[in-house]
Amino acid sequence: MYLGLKEMRHEKLRYSLLSGVLLLISLVVFMLAGLANGLSNGNREAIDNWQASDVYLNQNANETLSASQVKLADQKYIKGNQVAPLATLSGTLRTTKNAHKTNVSALATSRKGFIMPKITSGHRINGKNQLIISASLKADGYKLGQRVRLGTTKKTAKIVGIYASSTYMIAPTVYTDVATLNRLKDMPVTSGDQQTINGFVAKNGAFKQSNHGGLQHLTMATFINKLPGYSAEQLTLNTMIYFLFAIALAIIGIFMFVLTLQKQALFGVLKVQGIGTKHILAALLTQSIAMAVIGIVIGLGITVSLAQIMPAGLPFVINWPQFGGYSLALLAAAVIGALLSWRTVANIDPAIAIG
Amino acid sequence: MTAVLALKQINKEFGHGHTAVTALKDANFEVAAGQFVAIIGPSGSGKSTFLTIAAGLQTPTSGQVLLNGTELATQTEKARLDYRFNEIGFILQSSNLIPFLNVTEQLKLVDKMAKRPFQKERAQKLLAELALSEEATAYPNELSGGERQRVAIVRALYNDPSVILADEPTASLDTPRSIDVVERLAKEAHQHNKAIVMVTHDQRLISHCDVVYRIEDGVMTRQA
């Protein structure tokens, strides 16, 4: 401890440079993590809000919601605390005079379905041809009472409620009931239980009997991983983060090794005087931990400040437990990096200090 | 007088067979508390080998090294490290000071390693004895060669070892400074009742020593 910290204080430039390198690495790790979280959140925020555990799709849909078609009546195969039908449309929300156009993810369920979001202004859907919209769409010029079109048909619906911002597939959401969505889509059947939907969402759901009626069960985790592009995005960003841990380890390891080689004579003198490998390694560890802590703390500080001034269009989410885990991983990389010099330190022959 | 450090019938060979080199031949040596002993010899005579064996950094091919009556060769590596820390003080050729610690911190480090509080009064007393009170907060690169060696003497004495081994402590000094350092070593040996062993090739310094050993081609002889 004493030796390590005293040396850092005496060689401020040398050690602040390495702290700086670790700061940059931790900054990139935290920025990538924040962006990965932002993208992930953009894809799945609406799903997370459902707090559901199971999804039921057509067994031939390759586990993809938009590729799945089932009938409302198929709900009879599923039992559970709460089961809600789900239909989606990725389309353009536009006002009747095309004054505003925004790409949205439209989600339809039953009017009292458990996945219907809580209204913050306006009222719940209580009649035909009503929509509720994500609060983020207010900024795009949409407001209560407005008549809007969804997709490319001429059919209109009225905005009756607004709920806290949510996104699905990186687009803001709008919710409606199944019949309204089918009417807006110009589907042939727009009432009754023969309407086409994409699937069902449930809390603690299960099949009632061995005949599944062509439905396939997915856990929520599987469903999210199968969102188009989701795994690829997350895998790419996370792989970059994991590589950065290895790079941090290599940088600390190489730097500490070079310093150790430079200080062989000094370490020889220490060993002659009875200050052994254990104490020298403790000094190296103290230094790399101190540098890593300095780098990580400043990196976190910069990340948090940058998050405040980022444009709204850049999805960025700080997940503290995850950032804590990444900080520990960087710290571990620093510790392992310092330990790579163990053999070199242990092999320094104190006799080199004499003669 | 009982010997603090004694080497008995020490032989040290490097290599095997035809290429074997004998660095020390049947060397006998002893030093008692309060004695200032010089070992003098030309370079390549085996002085450094003697010192590394006396310090337990190398084991002899045969013979015994006794430090306070305990044989070093039979100790574990860890025990020898502790021995060196507790019982032997070193003064090395140029400087055995740590570049990033100031004079006082060099001494504090000894206490840190021994896990005890800093002995402030002892430090001040020893620094004053070697005329270093003014330099207490100076870093090694701010000191002259003579001052550095005096700090090394303080550092060696500070841990109150049984024996101090000095390896050419005047190698980088001019004559007046060399004589100053050697006079101080002699004084410390007598005043603190320490056994001090100085290895040197400088004939002019031996008048200050109580006993002189000569070493040539690995053969050690005690001078009258």
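Residues numbered from 1 in each chain as written. Chains lettered and ligands numbered in written order. Predicted model: local features only at pLDDT ≥ 70, side-chain atom pairs only at ≥ 80, totals over all residues.

Draft legend 1. Molecular detail of the overall build of chain B. The number of helices and strands found in chain B is six helices and ten strands. Its C-alpha atoms give chain B a radius of gyration of 17 Å, near enough to 17 Å, the size a compact globule of 224 residues would have. Here the C-alpha coordinates of chain B stretch approximately 55 × 40 × 35 Å along the principal axes. Taken over 224 residues, chain B has a buried fraction of 46%. Here the analysis covers contacts within chain B between residues at least 6 apart in sequence; of these, 71% occur between residues at least 24 apart. (Helix = DSSP H or I, 4+ residues; strand = E, 2+ residues; numbered from the N terminus. Rg over C-alpha atoms; globule rule 2.2 N^0.38 Å. Buried ≥ 20, exposed ≤ 12 C-beta atoms within 10 Å, placed from the backbone. Contact = placed C-beta atoms within 7 Å.)

Draft legend 2. Molecular detail of the overall build of chain A. Helices and strands together make up the secondary structure of chain A, namely nine helices and 15 strands. Relative to the globule expectation of 20 Å for 355 residues, the C-alpha radius of gyration of chain A, 29 Å, shows a markedly less compact shape. Taking the principal axes of the C-alpha coordinates as reference, chain A spans close to 100 × 50 × 30 Å. Looking at the 355 residues of chain A, the share that counts as buried comes to 40%. Within chain A, residue pairs in contact and separated by at least 24 positions form 82% of the contacts whose partners lie at least 6 positions apart.

Draft legend 3. Looking closely at the packing of helix α2 (residues 12–50) of chain A against helix α5 (residues 230–262) of chain A. All names here are of chain A. Between α2 and α5, the least distance of the axes is 10 Å, while the angle of their chain directions is 170°. As far as their axial angle goes, α5 and α2 are roughly antiparallel. Partitioning the contact of α2 with α5 into residue classes produces 20 nonpolar, four polar and one charged. (Axes fitted to C-alpha atoms, helices over the stretch in contact; angles between N-to-C directions. Parallel < 35°, antiparallel > 145°, perpendicular 65-115°, else oblique. Nonpolar A, V, L, I, M, F, W, Y, C, P; charged D, E, K, R; others polar.)

Draft legend 4. How the structure looks around the UniProt feature "domain: MacB-like periplasmic core" (unreviewed entry) in chain A. When the UniProt feature table is mapped onto this chain numbering, "domain: MacB-like periplasmic core" (unreviewed entry) sits at residues 19–185 of chain A. For residues 19–185 of chain A, helix accounts for 23% and strand for 37%, while the C-alpha atoms at its two ends are 58 Å apart. (UniProt positions renumbered as here; feature names shortened; annotations may be inferred.)

Draft legend 5. Region of the structure containing the pairing of strand β8 (residues 147–150) of chain A. All names here are of chain A. With burial as the criterion, only one face of β8 is covered, namely that bearing V148 and L150; the residues R147 and R149 on the opposite face remain uncovered. Alignment of strand β4 (residues 82–95) against β8, held across three bridges, turns out to be antiparallel. Opposite L93, over in β8, you have L150 as the bridge partner. Here three bridges tie β8 to strand β9 (residues 156–163), and the two strands are oriented antiparallel to one another. (Pairing = 2+ DSSP bridges.)

Draft legend 6. Spatial organisation of the pairing of strand β2 (residues 21–32) of chain B. Residue and element names in this part refer to chain B. As judged from the eight bridges shared by strand β1 (residues 3–14) and β2, these two strands associate in the antiparallel manner. Each bridged residue has a counterpart across the sheet, and for K12 the counterpart in β2 is L24. Linking β1 to β2, which pair antiparallel, is a turn of six residues; within it G15 sits at a positive phi near 80°.

Draft legend 7. Highlighting the confidence of the model for chain B. The predicted model of chain B has a mean per-residue pLDDT of 90, with 98% of residues at 70 or higher. Both scores are given for the predicted complex: the pTM is 0.83, the ipTM 0.88. (pLDDT = per-residue confidence, 0-100.)

Draft legend 8. Region of the structure containing the interface of chain B and chain A. The partner chain A presents 19 residues to the 21 residues of chain B that form the contact. At the level of elements, α1 (47–54), α2 (77–87) and α3 (103–113) of chain B are the ones that each hand at least two residues to the side of chain B that touches chain A. Among the residues making up the side of chain B that touches chain A, the classes are represented as twelve nonpolar, four polar and five charged.

Draft legend 9. Here's a closer look at the environment of I179 of chain B. In this fold, I179 of chain B is placed in helix α6 (residues 175–192). Each C-alpha atom of the pair I179 of chain B and Y213 of chain B lies 19 Å from the other, and the pair is 34 residues apart in sequence.

Draft legend 10. Structural view of the packing of α2 of chain A against helix α8 (residues 320–339) of chain A. All names here are of chain A. The contact between α2 and α8 brings their axes to 11 Å, and the two run at 150°. In terms of their interaxial angle, α2 and α8 are classed as roughly antiparallel. Two packed elements cross with a definite hand, and for α2 against α8 that hand is right-handed. Residue-level inspection shows S26, V29, F30 and A33 of α2 in contact with α8, the latter providing Q322, F323, Y326 and L330. Among the residues forming the contact of α2 with α8, the class breakdown is six nonpolar, two polar and no charged. (Left-handed = near helix turned anticlockwise from the far one by under 90°.)

Draft legend 11. Quick look at the UniProt feature "domain: ABC3 transporter permease C-terminal" (unreviewed entry) in chain A. Cross-referencing UniProt, the feature "domain: ABC3 transporter permease C-terminal" (unreviewed entry) maps to residues 239–350 of chain A in the present numbering. Each end of residues 239–350 of chain A is marked by a C-alpha atom, and these two atoms are 44 Å apart; helix forms 82% of the span and strand 0%.

Draft legend 12. View of unusual backbone geometry. All names here are of chain A. In this structure, E63 is a non-glycine residue whose phi angle is positive, near 60°. Locating E63 in the fold gives a position in the loop between β1 (54–58) and β2 (70–71). Of the residues examined, E63 has 17 C-beta atoms within 10 Å and is grouped as partly exposed. The phi torsion at N129 lies on the positive side, around 55°, for a residue other than glycine. Here N129 shows up in the loop between β6 (119–122) and β7 (130–134).

Draft legend 13. Summary view of α1 of chain B. Residue and element names in this part refer to chain B. Judged by how many residues are buried, α1 sits mostly within the fold: seven of eight residues are covered. What α1 keeps buried is the set K47, T49, F50, L51, T52, I53 and A54. Downstream of α1 by one or two residues, G56 has phi in the positive range, about 80°.

Draft legend 14. The arrangement of the nonpolar core in detail. Core analysis: the largest hydrophobic core is formed by 109 residues, its most contacted members being L165, I196 and V197 of chain B. For this core, the element with the most residues is α2 of chain A, which contributes ten residues. If we skip the residues at most four places from it in the chain, L165 of chain B touches L51, A54, A55, I88, F90 and V197 of chain B. Counting residues in each nonpolar core, the second largest holds 50 residues, with V83, V104, I159 and F223 of chain A among its members. (Core = buried A, V, L, I, M, F, W, Y, C linked by C-beta atoms within 7 Å.)

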